[in-house]
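Here is what each chain is made of, one letter per residue.
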Amino acid sequence: MIRRRPSTDPLRPGRLLRLRGAVDRIFTGLASGSILLIALALVVVLAPMLWRGATAVLFRGTVEFRLMQMQKFGRGNRADLAVELVQVAEVRQPVYGMLDRFSRGIATDDLEEEARRLYREFGKQLDRRDTPAQERTELRSLAKHLRDDFTEAVESTDKAAAREALGRVLRHADDPRLKGTVAEGFFRMARDYGHIVDTVDLSRRAEYAKALGEVRDAIRALFGPRPGEPRPPLVMDQYGATRWDMAERQLARLLTAEKWVEVQPGQPLQRIEVPREQQFAGTDLVPLFPFVRERAVEMLDPRLTFYWQYFIDDSLSGHYFGGVGPEILGTLLITVLAILFALPLGVVSAAYLVECAGDGRVVRLIRTCINTLAGVPSIVFGLFGLAFFVIFLLPKFGFPQGASILAGALTLGLLVLPIIIRASEEAIRSVPPTYKEAALALGASRLRCFVTVTLPAALPGILTGVILSVSRAAGETAPILFTAAVAIGSTAWPPWSAVTKPTCTLAYSSYHIAVGDRLAALVPHNQYGMVMTLILLVLILNIAAILVRSRVAKRLRGQ
Amino acid sequence: MVEPGDSPAQMPQTAEAPDKTVRARVPTLFAAAGPRPLNGEPLIRSRDFSLFYGQKVGVKQITMDIHPQSVTAIIGPSGCGKSTFLRSINRMNDLIPNVRVEGRLEVAGIDVNDRRVNLPNLRQQVGMVFQKPNPFPKSIYDNVAYGRRFQGFRHRGELDEAVERCLRAAALWDEVKDNLRKSALALSGGQQQRLCIARALATQPKVLLMDEPCSALDPIATGRIEELIADLKSAYTIVIVTHNMQQAARVSDRTAFFCLGELIEYDWTSVIFTKPSKKQTEDYVTGRFG
């Protein structure tokens, strides 16, 4: 057996060296792996956000959307829209027909009201027709009977009793004295209602009425107000489902009922879905549901829409429709102003700390304070801003008391001040001392040396601080909660006219939608859209700052 | 007796360093620029000048005169205080905390350590070139125009003229005239150092202090700087600190030898390198010490 002797080849790496190589490779692998992991995590977090946010801009818009765009913003082709509206109205018409016929037997108040109206009209007609007094009395009492019998039939929950009462009404149908009078309406109503009595289980009338209300709501949410109905005051009620995804939710509400049943006593109720066909089984309304299900697309005519105006439009009806224009402008304004406040202050403070202050106890205390300031929760800044800027300082300078962009920007400026100070301090400190020496040796004063040489050389580092601050300021909600934010605003133009007024911002509005009201369930696309816009906005601001920084750095390197 | 203006070859045999009794016969010193100092007076005058870094001695009791329109070299081993002395002349030592001075150091008759001295003005009169080329990260033009701008010259034509004049004086004009807007950092080391000289010239100083200006340069660039020093001698008073004794011998008229913070010997360069009066100097220049 031959024992392997250690190699004497001088070029062959020894065992220790090989081990080191392996360890090096492992570390390199680990490092690149973890970078990849972070990038992946970022994608995993951001991609769905952006994907869902994109649905705020790119979606299947229905004819209601186009109508809204035409009426509210004057966009689109008027002639095409008119043709389209006629087409969808034709398809929708039977829906309303079916609904009306059925509801006549359910909404008894309407029928009773109608009967009372007929009676009154008939009386007036009699007066006008100059009938002999005795006949008039007879006819009047007859009409009264008709009215009461009909009301009895309508109010009855018993099928036989209702039929009997209706029979009493219809007995007079051939009375020649009533021919051509308003009273004929009684017979028409009685016949219609007779049909209802034959098909509808009158004892379940209350249940039907509730379900019918749901169906009606769903249909209104789908198609907007009925043709011929007066225009509702709320923008939200003026249009049906503007987006196909919204429409699908309403369709589901229309086509299936939600029921809570007790499966086991003492256990939480369970939700089951009942098809409306089953709920309205045996009634005239049953054909409505397959009809809507099959022809919903024709009734709404969804088309792929790229709604880029989302980024400039005002929000309508509290973000139910419209876009985030005011939010974008408000976010930009408040962020830029905050940076404008914090940057000079931060750079001057950093310059003082580096160039003038020594290393005394006071300076060390100041440094500690700055570092602590960076760790203060943002809501504390918010409350401070409310107490100091909103209530105390700004009214002293003649600004109206109350939340304003100015107050919010000042508060945010304080929030990002430590970031800017620390970045600037680091940047100023790392400027080669030879630059300063050269400038001083040329006879520049210290101030001139700082402004003309140190500051330009420190600019990339300072811009890094600005980049960090922009991201922070644009995304903060708590500091502007009390100082600047409102839930809904309109685009203030020109911007300087807006600084004394409150504004809405992307971060605050998406928070508000989430906690505020029923909107969260109705407009999830809008919430994601805002978050996406915020991400894009911060990204764009960052890219701009990074480009500026790399340009400056390039110039400083002499390229 | 040492007579500035005479050529070193005609030097008297006295081995004494030039002292305060020296009177020059040279009639004009600053032909064009600035107020004229007293004829023949040394421009820089140091009397028992000492400088301390806290407790540590930087230089001690330096007494020497530096004459206008000549090149004075300061040589000596590392840490002997030659740079410290140089930087005292335009008070660049102020940048170092805990510096204390004693004695008198005059430039054109004014004590530089006087509290009333306007530092920017002093430094504009006494320009400085550093060991490592340190151009600003700006364009060539802006580098040269820097000092000129804050002297109040903002007119475009005047600045252009000054930049060209200084770059010509620093023998850099022909190399950079086509791309004055290029970054100064893109130049080679030797070009950068000449740019720094041009920049220092722009404030129209009377004195140019050079702190080992060639130590970071290759021999060719060094040669060019040395030629430049020879050219500038006619208009400026140059004080150069150098490690390189050949360089001192080549470019300077007078040489001072410093050791451990003290001025050991100060004389015409030819005297220092051929017949030094002190044993220490001889050991140093012959390479037996230092």
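The model shown is predicted, which means the values in this text are computed figures rather than measured ones.

### Focus on the sheet that holds strand β8 (residues 237-241) of chain B
Residues and elements named next belong to chain B. Taking strand neighbours across the sheet as the criterion, the six strands line up as β6-β7-β8-β3-β9-β10 in an open arrangement whose pairing is mixed. Two strands lie at the open edges of the sheet, namely β6 (126-129) and β10 (262-268), each paired on one side alone. This sheet shows a mean twist of 20 degrees between the axes of neighbouring strands, independent of strand direction. One ladder, built from four bridges, connects strand β3 (residues 71-75) with β8; its direction is parallel. The residue of β8 that forms the bridge with V71 is I238. Those strands touched by helix α1 (residues 82-89) are β3, β6, β7 (207-211), β8 and β9 (254-259), and its axis lies near 150 degrees from that of β8. Most of the contacts of helix α6 (residues 189-201) go to β6, to which it runs at about 170 degrees, and overall it touches β6 and β7.

### Examining the sheet that holds strand β2 (residues 56-66) of chain B
Residues and elements named next belong to chain B. Strand order in the open sheet formed by four strands is β2-β1-β4-β5, and the pairing between neighbours is antiparallel. With partners counted over all chains shown, the strands left at the sheet margins are β2 and β5 (110-111), one partner each. Where strand β4 (residues 99-107) and β5 come together, two bridges link them in antiparallel fashion. Across the sheet, the residue bridging to V107 is I110, located in β5.

### Quick notes on the packing of helix α15 (residues 378-396) of chain A against helix α16 (residues 405-429) of chain A
All names here are of chain A. Their axes nearest at 9 Å, the elements α15 and α16 cross at an angle of 135 degrees. Taken together, the axis directions place α15 and α16 in an arrangement best described as oblique. For the pair α15 and α16, the sense of crossing is right-handed. Counting all contacts with α15, which are made through S378, F381, G382, G385, F389, V390 and L394, the residues of α16 involved are L406, A407, L410, T411, L414 and L415. Grouping the amino acids of the contact of α15 with α16 by side-chain chemistry returns nine nonpolar, four polar and no charged.

### Comments concerning the nonpolar core
One broad trend across soluble globular proteins is that nonpolar side chains are buried collectively. By size, the foremost hydrophobic cluster in this structure holds 156 residues, and its most contacted members are A198 and V239 of chain B. Counting residues per element, this core draws most heavily on α16 of chain A, which supplies 16 residues. Residues contacting A198 of chain B, with those up to four places away along its chain left out, are V144, C166, L167, A169, A170 and L172 of chain B. Listed in part, the 56 residues of the second largest apolar core include V95, F186, V215 and F289 of chain A.

### Notes on the domain arrangement of chain A
When cut into domains, chain A gives domain 1 (107-199), domain 2 (211-306) and domain 3 (321-557). Distance from the C-alpha centre of domain 1 of chain A to the C-alpha centre of domain 3 of chain A: 76 Å.

What counts and what doesn't
Residues numbered from 1 in each chain as written. Chains lettered and ligands numbered in written order. Predicted model: local features only at pLDDT ≥ 70, side-chain atom pairs only at ≥ 80, totals over all residues. Pairing = 2+ DSSP bridges. Helix = DSSP H or I, 4+ residues; strand = E, 2+ residues; numbered from the N terminus. Axes fitted to C-alpha atoms, helices over the stretch in contact; angles between N-to-C directions. Contact = placed C-beta atoms within 7 Å. Parallel < 35°, antiparallel > 145°, perpendicular 65-115°, else oblique. Left-handed = near helix turned anticlockwise from the far one by under 90°. Nonpolar A, V, L, I, M, F, W, Y, C, P; charged D, E, K, R; others polar. Core = buried A, V, L, I, M, F, W, Y, C linked by C-beta atoms within 7 Å. Buried ≥ 20, exposed ≤ 12 C-beta atoms within 10 Å, placed from the backbone. Domains from an automatic or database assignment.

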